[in-house]
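# Tertiary structure, described
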Amino acid sequence: MILLFHQAGSGKDEYATIAPRLATWGYASLRIDQRAGGDLLGGNETVKALGKSADYLAAKQDLEAALSWAETRKLPVILWGSSYSASLIFLLAAEHPGAVKAIMAFSPGEYFDDKQLVAHAAAGVGAPVFVTSAQEGHEIDEARNILAAVPGKDKEQFVPKLGGVHGSSTLLRDKNKDG
């Protein structure tokens, strides 16, 4: 079960073309509208219902709810985050070590007031971790610093040789012409 969490200004439709591809490869997935988002890549019903976007850290409760739901499915859970949610999944994995089998973080960073929050959480992650980012120095460094805090060797950082776009948008053909 892959839980798909979107970036700032976005919603579940960030994964509208990605989720069907995952299904063809045999993965179940859930994409949600978090309370911090918008209509960048489609609508966001949660933000619409609230009347405004919440701060990034407030969205953690949405990720928690998705994980609670996924645990009832009795399948291994992979957390997939984009931008600020790529950071939040480290907090989630550290707090629920037995529930998370792997992390895929697209453009994680220290997006919160506490500029060590994500790295501190990453130090408590025991699951395999994959991180990637756009080909931009600051993004690459942020991802590298967070990944360095993850204990063990079952971790990987991918830096694209060409282009790359912030967050999971890097996988969308209309957002990343370099593929």
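For the structure, see preceding data.
Below you will find a few notes about this structure. (Residues numbered from 1 in each chain as written. Predicted model: local features only at pLDDT ≥ 70, side-chain atom pairs only at ≥ 80, totals over all residues. Heavy atoms only, no water.)

### Some details on the sheet that holds strand β2 (residues 29–31)
Pairing in this open sheet of six strands is parallel, and the strands run β2-β1-β3-β4-β5-β6 from one edge to the other. Single-partner strands in this sheet number two, and they are β2 and β6 (155–158). Averaged over neighbouring strand pairs, the angle between their axes works out to 10° when direction is ignored. Two strands pair when backbone bridges link them, and strand β4 (residues 102–106) and strand β5 (residues 129–132) are joined in this way by four bridges, in the parallel orientation. Bridge pairing links Met104 to Phe130 in β5. The strands touched by helix α3 (residues 60–71) within the sheet are β1 (2–5) and β2, with β1 carrying the most contacts at an inclination of about 165°. (Pairing = 2+ DSSP bridges. Helix = DSSP H or I, 4+ residues; strand = E, 2+ residues; numbered from the N terminus. Axes fitted to C-alpha atoms, helices over the stretch in contact; angles between N-to-C directions. Contact = heavy atoms within 4.5 Å.)

### Structural notes on the layout of surface pockets
Where empty space is left can be seen by rolling a probe of water-molecule size over the atoms. Reported here for the largest pocket is a volume of approximately 180 Å³. In terms of lining, the largest pocket is formed by 14 residues, of which the most central are Phe106, Thr132, Phe158, Thr170 and Leu171. When contributions to the lining of the largest pocket are tallied by element, the ones reaching two or more residues are β4 and β5. (1 Å grid on protein atoms, 1.4 Å probe; cavity = no way out; pocket = protein on both sides within 12 Å on 5 of 7 lines; lining within 4 Å. Points joined across faces, edges and corners; volume = space filled by probe spheres on them.)

### Comments concerning the pattern of salt bridges
With the rule as written, the count across this model stands at six salt bridges. Measuring nitrogen to oxygen at the nearest pair gives 3.2 Å for the salt bridge that ties Asp33 to Lys12. Pair noted here: Asp33 is in the loop between β2 and α2 (45–50) and Lys12 is in the loop between β1 and α1 (18–24), with a separation of 21 residues, a long-range link. (Salt bridge = Lys/Arg side-chain N within 4 Å of Asp/Glu carboxyl O.)

### Overview of the nonpolar core
Taken as a class, soluble globular proteins show a tendency for nonpolar side chains to be buried jointly. Judged by nonpolar contacts, the single largest core of 36 residues is most densely connected at Leu3, Phe5, Leu79, Ile89, Phe90, Ile103 and Val129. For this core, the elements supplying multiple residues, two or more each, are β1, α3, α4 (84–95), β4, α5 (117–122), β5 and α6 (137–149). Per-element tally for this core: the top contributor is α4, with eight residues. Core analysis: the next-biggest nonpolar cluster, separate from the first, contains twelve residues, Ile2, Leu22, Leu41 and Leu172 among them. (Core = buried A, V, L, I, M, F, W, Y, C linked by side-chain atoms within 4.5 Å. Buried < 20%, exposed > 50% of the residue type's maximum accessible area, 1.4 Å probe, protein only.)

### With respect to α6
Every α-helix carries 3.6 residues per turn, so stepping three or four residues along brings you back to the same face. Spanning 13 residues, α6 covers 19 Å between terminal C-alpha atoms, matching the ideal 18 Å at 1.5 Å per step. Listed as buried for α6 are Glu139, Ile140, Glu142, Ala143, Ile146 and Leu147. Buried residues of α6 fall within an arc of 160° about the axis and therefore sit on the same side. Among the exposed residues of α6, those pointing more than 90 degrees away from its buried face are His138, Asn145 and Ala148. Where the residues of α6 are buried, they touch α4, α5, β5 and β6. Where α6 begins, the capping side chain belongs to Glu136, and its oxygen is found 3.0 Å from the backbone nitrogen of His138. (Expected span 1.5 Å × (residues − 1). Arc of directions from axis to C-beta. Polar contact = N/O pair within 3.5 Å; in protein donor to acceptor, adjacent residues only side chain to side chain.)

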